[in-house]
4 protein chains.
Amino acid sequence: MYSFKNDYSEGAHENILKAMVNSNLEQTSGYGEDTYTEIAKKLLKEKIEDGTADIHFFVGGTQVNLTAISAFLRPHEAAVAAEIGHINVHETGAIEATGHKVVAMKAQDGKLTPALIEEALDRHTDEHMVKPKLVYISNSTEIGTHYNLKELEGLSEFCKAHGLILFMDGARLGSALTAHDNEITLADCARLTDAFYIGGTKNGALMGEALVITKEELKADFRFHIKQKGALLAKGRLLAIQFIELFKEDLFFDLAAHANQMANQLAEGIRAAGYSFLTESVTNQVFPIFPDVLLEQLKEEFDFSFWERKDETHTVIRLVTSWATKPEEVERFIAFINQ
Amino acid sequence: MYSFKNDYSEGAHENILKAMVNSNLEQTSGYGEDTYTEIAKKLLKEKIEDGTADIHFFVGGTQVNLTAISAFLRPHEAAVAAEIGHINVHETGAIEATGHKVVAMKAQDGKLTPALIEEALDRHTDEHMVKPKLVYISNSTEIGTHYNLKELEGLSEFCKAHGLILFMDGARLGSALTAHDNEITLADCARLTDAFYIGGTKNGALMGEALVITKEELKADFRFHIKQKGALLAKGRLLAIQFIELFKEDLFFDLAAHANQMANQLAEGIRAAGYSFLTESVTNQVFPIFPDVLLEQLKEEFDFSFWERKDETHTVIRLVTSWATKPEEVERFIAFINQ
Amino acid sequence: MYSFKNDYSEGAHENILKAMVNSNLEQTSGYGEDTYTEIAKKLLKEKIEDGTADIHFFVGGTQVNLTAISAFLRPHEAAVAAEIGHINVHETGAIEATGHKVVAMKAQDGKLTPALIEEALDRHTDEHMVKPKLVYISNSTEIGTHYNLKELEGLSEFCKAHGLILFMDGARLGSALTAHDNEITLADCARLTDAFYIGGTKNGALMGEALVITKEELKADFRFHIKQKGALLAKGRLLAIQFIELFKEDLFFDLAAHANQMANQLAEGIRAAGYSFLTESVTNQVFPIFPDVLLEQLKEEFDFSFWERKDETHTVIRLVTSWATKPEEVERFIAFINQ
Amino acid sequence: MYSFKNDYSEGAHENILKAMVNSNLEQTSGYGEDTYTEIAKKLLKEKIEDGTADIHFFVGGTQVNLTAISAFLRPHEAAVAAEIGHINVHETGAIEATGHKVVAMKAQDGKLTPALIEEALDRHTDEHMVKPKLVYISNSTEIGTHYNLKELEGLSEFCKAHGLILFMDGARLGSALTAHDNEITLADCARLTDAFYIGGTKNGALMGEALVITKEELKADFRFHIKQKGALLAKGRLLAIQFIELFKEDLFFDLAAHANQMANQLAEGIRAAGYSFLTESVTNQVFPIFPDVLLEQLKEEFDFSFWERKDETHTVIRLVTSWATKPEEVERFIAFINQ
């Protein structure tokens, strides 16, 4: 049984483990006030080409989302998200638990557009309704699509013009930035959003997300919020060490590229075998539509997620690849469906 | 410069690192639904001698406190804590951020008593005031003291009689249970509290706390709360693997005993050198009162925390030892103050 | 300029004013612990034919909704509502501000059905999502429709079968219960929901809503929640006196019937003049579709709300009548559009 | 049985009732967008001598406190209050329910001082603790004392110097401003605080508190917060009409002066009879210490609140007078204790 269920099935890239083992008995300050954290921040600032950004490390994505969004908003302000946005569906109401409504918009391919955000603004006309203030996008999205440069610039411009905060969930940012048709750099992310994060958990780290805040007025007192949400890791260096390994050379991009390549190979094989897809994805998630009879057999050999029913005899499934996906298992999968 | 600043300065015991490395490329289910987590839960249930308890793993202590307390209480209910209790002082209002007041009581030696809790109950007479419902204790406490069996039984009995939830913060439970005069077992903790946790972060793990819920009505839907608070680790097995290593034999207790021994050695040396203490502690935190002139020199060689001023020329400091504290550094410290 | 903008434009029925003036200098206990409150509760229990219900008086509807829903739910639980439901749109995120997601369902005529609720349940499968627990309906609804007995029984049965709390917003309950085709009694409301409220503000009182809780496990400590939300009126008797006047005889129903009659007269006149409606309403809200040119003239003489654009030249407006609506103004309105 | 239990036992001054009756059938806009509200705001701005202030009307004091404080603070910020402060004790954790800690300081006579606030600031040194940001004072205080001009100026200066928001709970502001030794005017309140409110409920209105916000950056979007907390009264003019009556001439001050005079008369009579007091109060609350045997008889004839036990045979009670207190009942009380 091989799993294409998600991109957090395995541990971490061996470089990361080595670095953690090597530094294990050093004494460092707690709570991210150590020298590793300093180095990691410096490194990331170089990569995003913004020496003034604030960088904070977190253990997981829901933690970043709820900490950042609740820190950025006043009580009556809301986040606008795609209906399938992670904060709207898969975080057990974490944003609402901090007091804020998520205004959900039906978005083609899971991507918000200026037009959709404008529609959200237009619906909220006075103080009897929440005030949309933050725009939440995921890149790559929950269904594997990704933003191109023009789209991101459009969102950025619109948000600036309307006094909105643009926040990018980058739990799978690596897969977006290494998609074969990607045009966006880390520096673009920093330049075009007010805050975004770089996901490590799903791209070769044991755990870890690096939040980047570029908008000046969102920076103040941010560590208070991290602590209040229980998100300030005692041994903070554990996160920093992993990001140093991912970014001191190009490991972060190499791992993501591998995941994408595996997914693309899967997609090509599936297409060649005559099957179609819910959405065109060139990142590390693929959503093929399979006949139920095939799925019955497939699940004896492979693990994957049910996504949604397509019709009475067909189902959409989700296949996820990762930095650790083995090429031979991809080949075996394709062989299997061609059988 | 050697640090006695805290018990999370180093990484993890080598067995833990080895186990993580060994299992690194296995594919497992996410979010604590893997077999390691199953094994770790089974193991802990044996150790606490309660096969019906629910066990959940968290990354850190503030996370456990805020998740559990907000899950256990209704909106109008409050937690009673010692004034120096971690939730009252050092969690940036994490409990209040979930909507609940912390009723703080001045407690001798940082320990709550039935009399103090009764005083809190007596002060809250009607619906114009919060309703104290949960009693929060730390063992060992924030100033290194620990509860004896009679004290814990007294609290348990009182809480049962008054319909209160007894919750024990065990971030430093290891140091309490291995204090030379300790009478309490893990099974006692399970039997006498409604929920408690076993701290790994400060006792040899990279990170990790194991929450044990024994009271039946507190168990329902608990994983929803973990997820909502951003505390459900994607690679949940990372926590489980560490607890397996700590508890498959007696590593957890051995490591804590070492920390206590180092602290006791420090304390004896300090006492022998003619200094006194803020509080009598036999766990891994020691609070000596030193003349300021000595501190000036000491801080050139050792790192430690300022605790409070004693008088115009004396200061209380906090020295913390851990599973990783080196005996030769303890000796060097004592030699230094005897100079 | 006469206003059909809402049903809270005027003060209160004269009986209510008289009763308030007459009792003005009596000394009574504060916070609803006075004899008027006792009398009002007793009276309402008779009307709803449930001597065991708990009754609490509030100043306004948003206050009831946020207090009750946050008191009834645990942190991870959500309310299911129609997309146009008051709590979803017009309370500035009041429910989310207490920590709970509102799961919004597109509902025909603004009315939830067992099928819609089931769909909401089916979408929420595990702890990564909120848990739908409370069903919020408005009767009459935000667009003037109302539930018939079979519909309400169906909802009640479904909720019981699935462990859901059925909560009815009765800000305009009077208009629903006196609609010409209504089959539901106050006793039915008490029998078929777990909690509901009887709106006074929009039916002849200065202000005031009477919350009725029939489900036993929702009753405990409820006054704590009222106080915590700032909703416990110091001079609580002011609310009680008004409900005594509304219910000691049939004033509540007479006033609502008048409002409905005025609305029906408006609707008939509009229909006779050749215009159609967004929805068929027999309560006190009417939603005619008018050509924009007519609206331009109409708004010189009458005040009303814009509802939504129908097409390029037509607009839906909302006309609301009340206990105080003058028949001659209704006639003038109809004459005007026939001009 | 005559009640000295509180200052909200009766209804409203007759002028207020008359004004409400007279305007009863006028149609006005809802939610405080009517002309009465406009007039009331204009009137109050003249009285406070600040034409730029924002004014909002609320039904009750807890509502103002929780709405304003949660609107003014970011999630990690806390309010500093006297230990007996209303928000710390008698609002069922309303502030905490909005997510904020109340840092309680033991304050002589219930009054905060710069020294006490500084102590609070000094205790909160980093992001592991909440950040004190708002200073909450009550004038008159919960035990009847009041601030003199120098004290208020001192607080104001300290708060400005430390970037703190100074918020004054004026539920009993009338009694403070008409105390015989008072030096503070309404204009001083506006000038020296960042926000404060003028209590109507306890000074002749049916209900109503007027919040004044003078600090520019606290004004934005405030009506959103009012609505979200369920505090935006549908028939908002009801509050405005009452404040117009209270302030169009000097009714507010006359009523408060009467209450104080009655209290002073009570206090003089009690002192003359040989009894002492918990605190020296010249406002409308008096805290005599009576022998328990006297109290046994007294409570057959008068209603009052138990405050605290003084010793084994003596008890402190609270006597409250109001705009409606009858002089003959004050005389009867004094005669009774002299018996």
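Residues numbered from 1 in each chain as written. Chains lettered and ligands numbered in written order. Predicted model: local features only at pLDDT ≥ 70, side-chain atom pairs only at ≥ 80, totals over all residues. Heavy atoms only, no water.

A. A look at the overall build of chain A. In terms of helices and strands, chain A carries 14 helices and 13 strands. Scaling as 2.2 N^0.38, a compact globule of 339 residues should have a C-alpha radius of gyration of about 20 Å, and chain A matches this with 20 Å. Taking the principal axes of the C-alpha coordinates as reference, chain A spans close to 60 × 55 × 35 Å. Residues counted as buried form 67% of the 339 residues belonging to chain A. Accessible area of chain A: about 11900 Å², with a carbon and sulfur share of 49%. Measuring between centres, the 33 positive side-chain charges of chain A sit 4 Å from its 51 negative side-chain charges. (Helix = DSSP H or I, 4+ residues; strand = E, 2+ residues; numbered from the N terminus. Rg over C-alpha atoms; globule rule 2.2 N^0.38 Å. Buried < 20%, exposed > 50% of the residue type's maximum accessible area, 1.4 Å probe, protein only. Areas by Shrake-Rupley, 256 points an atom, 1.4 Å probe, with all protein chains shown as cover. Lys, Arg positive; Asp, Glu negative; His and termini not counted. Charge placed at Lys NZ, Arg CZ, Asp CG, Glu CD.)

B. Quick look at the side chain of Gln242 of chain A. All names here are of chain A. You can see Gln242 is positioned in helix H11 (residues 237-248). Here Leu238 takes part through its backbone oxygen, which lies 3.2 Å from a polar atom of the side chain of Gln242. Residues in contact with Gln242, not counting those within four places in the same chain, are Ile16, Met20, Ala205, Leu206 and Met207. (Polar contact = N/O pair within 3.5 Å; in protein donor to acceptor, adjacent residues only side chain to side chain. Contact = heavy atoms within 4.5 Å.)

C. Representation of the relation of the copies chain B and chain A in the model. For the pair chain B and chain A, the best superposition has an RMSD of 0.0 Å and corresponds to a rotation of 180° with a translation of 0.0 Å parallel to the axis. What we have between these two chains is a two-fold relation. When you check the interface residues of chain B against chain A, 98% turn up at the interface there too, and the contact is symmetric in its surfaces. (Least-squares fit on C-alpha atoms with pLDDT ≥ 70 in both.)

D. Region of the structure containing the relation of the copies chain D and chain A. In the superposition of chain D on chain A (RMSD 0.0 Å, axial shift 0.0 Å), the rotation amounts to 180°. Interface residue correspondence from chain D to chain A reaches 100%, placing this contact among same-surface, isologous pairings.

E. Representation of the pattern of salt bridges in the model. Evaluated as defined, the whole model comprises 73 salt bridges over all chains. Lys248 of chain A is the salt-bridge partner of Glu245 of chain A, the closest N and O atoms lying 3.1 Å from each other. Of this pair, Glu245 of chain A and Lys248 of chain A both sit in helix H11, three residues apart, which is roughly one turn of that helix. By relative accessible area, Glu245 of chain A is classed as buried at 11%. You can call Lys248 of chain A partly exposed: its relative accessible area is 48%. Note that Asp188 of chain C is salt-bridged to Arg191 of chain C, the shortest N-O span being 2.9 Å. Of this pair, Asp188 of chain C and Arg191 of chain C are both found in helix H9 (residues 186-192), three residues apart, which corresponds to roughly one turn of the helix. The class of Asp188 of chain C is buried, set by a relative accessible area of 10%. (Salt bridge = Lys/Arg side-chain N within 4 Å of Asp/Glu carboxyl O.)

F. Molecular detail of the sheet that holds strand E6 (residues 165-169) of chain A. Residue and element names in this part refer to chain A. Reading across the sheet, the seven strands line up as E2-E8-E7-E6-E5-E3-E4 and stay open at both edges, with mixed pairing between neighbours. Each of the sheet's edge strands pairs with one partner strand only, and the pair in question is strand E2 (54-58) and strand E4 (102-105). On average, adjacent strands in this sheet sit at an angle of 25° to one another, irrespective of strand direction. Here five bridges tie strand E5 (residues 131-138) to E6, and the two strands are oriented parallel to one another. (Pairing = 2+ DSSP bridges. Axes fitted to C-alpha atoms, helices over the stretch in contact; angles between N-to-C directions.)

G. Inspection of the interface of chain D and chain A at higher detail. With 22 residues of chain D at the interface, the matching set in chain A holds 22 residues. Approximately 2000 Å² of surface area, both sides summed, lies buried where chain D meets chain A, with 51% of it carried by carbon and sulfur atoms. At the boundary of chain D with chain A, the tally comes to four salt bridges. Joining chain D to chain A, the criterion identifies 16 residue pairs in polar contact (both at pLDDT 80 or more). Elements with a contribution of two residues or more to the side of chain D that touches chain A: helix H3 (61-72) and helix H10 (222-228) of chain D. (Buried area = accessible area lost by both parts, 1.4 Å probe.)

H. Region of interest: the UniProt feature "domain: Aromatic amino acid beta-eliminating lyase/threonine aldolase" (unreviewed entry) in chain A. The UniProt record annotates "domain: Aromatic amino acid beta-eliminating lyase/threonine aldolase" (unreviewed entry) at residues 14-287 of chain A. Secondary structure across residues 14-287 of chain A divides into 43% helix and 15% strand, with the first and last C-alpha atoms of the span separated by 30 Å. (UniProt positions renumbered as here; feature names shortened; annotations may be inferred.)

I. Region of the structure containing the domain arrangement of chain A. All names here are of chain A. Annotation of chain A at the domain level lists domain 1 (2-7 + 252-338) and domain 2 (14-250). Just the C-alpha atoms count here: the centres of domain 1 and domain 2 sit 27 Å apart. Taken together, the 20 residues of domain 1 in the interface contact 27 residues of domain 2. Summing both sides of the interface, domain 1 and domain 2 together bury roughly 2000 Å²; the carbon and sulfur share of this comes to 58%. When the buried area of domain 1 at its contact with domain 2 is split by residue, Asp7, Phe252 and Phe253 rank highest and sum to 37% of it. Between domain 1 and domain 2 we count one salt bridge in total. Across the salt bridge formed by Asp7 and Arg172, the nearest N and O atoms sit 2.7 Å from each other. Joining domain 1 to domain 2, the criterion identifies 13 residue pairs in polar contact (both at pLDDT 80 or more). For the side of domain 1 that touches domain 2, the leading source of residues is helix H12 (residues 251-272), giving eight residues. (Domains from an automatic or database assignment.)

J. Main features of the sheet that holds strand E6 (residues 165-169) of chain C. Residue and element names in this part refer to chain C. Spatially, E2-E8-E7-E6-E5-E3-E4 is the arrangement adopted by the seven strands of the open sheet, whose pairing is mixed. Each edge of the open sheet carries a strand with a single partner, namely strand E2 (54-58) and strand E4 (102-105). With strand direction ignored, the average angle separating the axes of adjacent strands in the sheet is 25°. Where E2 and strand E8 (residues 209-213) come together, five bridges link them in antiparallel fashion. In the sheet register, Asp54 faces E8, and the bridge partner there is Ile213.

K. Region of the structure containing the side chain of Lys202 of chain A. Tracing the backbone through its elements, the reader meets Lys202 of chain A in the loop between strand E7 (195-199) and strand E8 (209-213). Sequence-distant contacts of Lys202 of chain A, defined by excluding residues within four places in its chain, comprise Asp7, Tyr8, Ala171 and Arg172 of chain A.

L. The packing of aromatic side chains, seen in detail. Under the counting rule described, the total for this entry stands at 68 aromatic pairs over all chains. Considering the side-chain rings of Phe247 of chain C and Phe252 of chain C, the 4.6 Å spacing of their centres and the 25° angle between planes classify their relative orientation as stacked. Each member of the pair, Phe247 of chain C as well as Phe252 of chain C, carries the same accessibility label: buried. Three or more aromatic residues link up through ring pairs in this structure, and these residues are Tyr2, Phe4, Phe302, Phe333 and Phe336 of chain A. A cation over an aromatic ring shows up here: Lys111 of chain B above the ring of Tyr147 of chain B, its NZ or CZ 5.6 Å from the ring centre. (Phe/Tyr/Trp six-rings, centres within 6.5 Å; stacked < 30°, edge-to-face > 60°. Lys NZ or Arg CZ within 6 Å of the ring centre and 35° of its normal.)

M. View of helix H3 (residues 61-72) of chain C. Between its first and last C-alpha, H3 of chain C extends 16 Å over 12 residues, near the 16 Å set by a 1.5 Å rise per residue. H3 of chain C sits mainly inside the fold: 12 of its 12 residues count as buried. (Expected span 1.5 Å × (residues − 1).)

N. View of helix H13 (residues 292-301) of chain D. Residues and elements named next belong to chain D. Inspection of H13 places Leu294, Leu295 and Leu298 among the buried residues, and these make up the whole buried set. For H13, the angular spread of the buried residues around the axis is 95°, confining them to a single face. Exposed and oriented more than 90 degrees from the buried face of H13 are Val293, Gln297 and Glu300. On its buried face, H13 is in contact with strand E10 (289-291), strand E11 (302-303), strand E13 (314-320) and helix H14 (327-338). (Arc of directions from axis to C-beta.)

O. Fine view of empty space enclosed by the protein. Residue and element names in this part refer to chain A. For the largest cavity, the calculated volume is near 270 Å³. Looking at the lining of the largest cavity element by element, the count peaks at four residues for helix H3 (residues 61-72). For the lining of the largest cavity, the residue count by class is 11 nonpolar, nine polar and six charged. (1 Å grid on protein atoms, 1.4 Å probe; cavity = no way out; pocket = protein on both sides within 12 Å on 5 of 7 lines; lining within 4 Å. Points joined across faces, edges and corners; volume = space filled by probe spheres on them. Nonpolar A, V, L, I, M, F, W, Y, C, P; charged D, E, K, R; others polar.)

P. Up close: unusual backbone geometry. For the bond from Asn139 of chain C to Ser140 of chain C, the omega torsion is 0°, close enough to zero to count as cis. With respect to the helices and strands, the residue Ser140 of chain C is situated in the loop between strand E5 (131-138) and helix H7 (149-161). Of note in this structure, Asp109 of chain B is not a glycine but carries a positive phi near 60°. Relative to the elements of secondary structure, Asp109 of chain B occurs in the loop between strand E4 (102-105) and helix H6 (114-123). A relative accessible area of 37% places Asp109 of chain B in the partly exposed class.

Q. Quick peek at the interface of chain B and chain A. Tallying the contact residues gives 44 residues for chain B and 43 residues for chain A. Overall, the association of chain B and chain A removes approximately 3700 Å² of surface from exposure, summing both partners, and the carbon and sulfur fraction of that is 56%. Counting every contact that joins chain B to chain A gives zero salt bridges. Scanning the region where chain B abuts chain A turns up 22 residue pairs in polar contact (both at pLDDT 80 or more). For the side of chain B that touches chain A, the elements supplying multiple residues, two or more each, are strand E1 (2-3), helix H1 (14-22), helix H3 (61-72), helix H5 (94-97), helix H10 (222-228) and helix H11 (237-248) of chain B. Residues that form the side of chain B that touches chain A fall into these classes: 20 nonpolar, 17 polar and seven charged.

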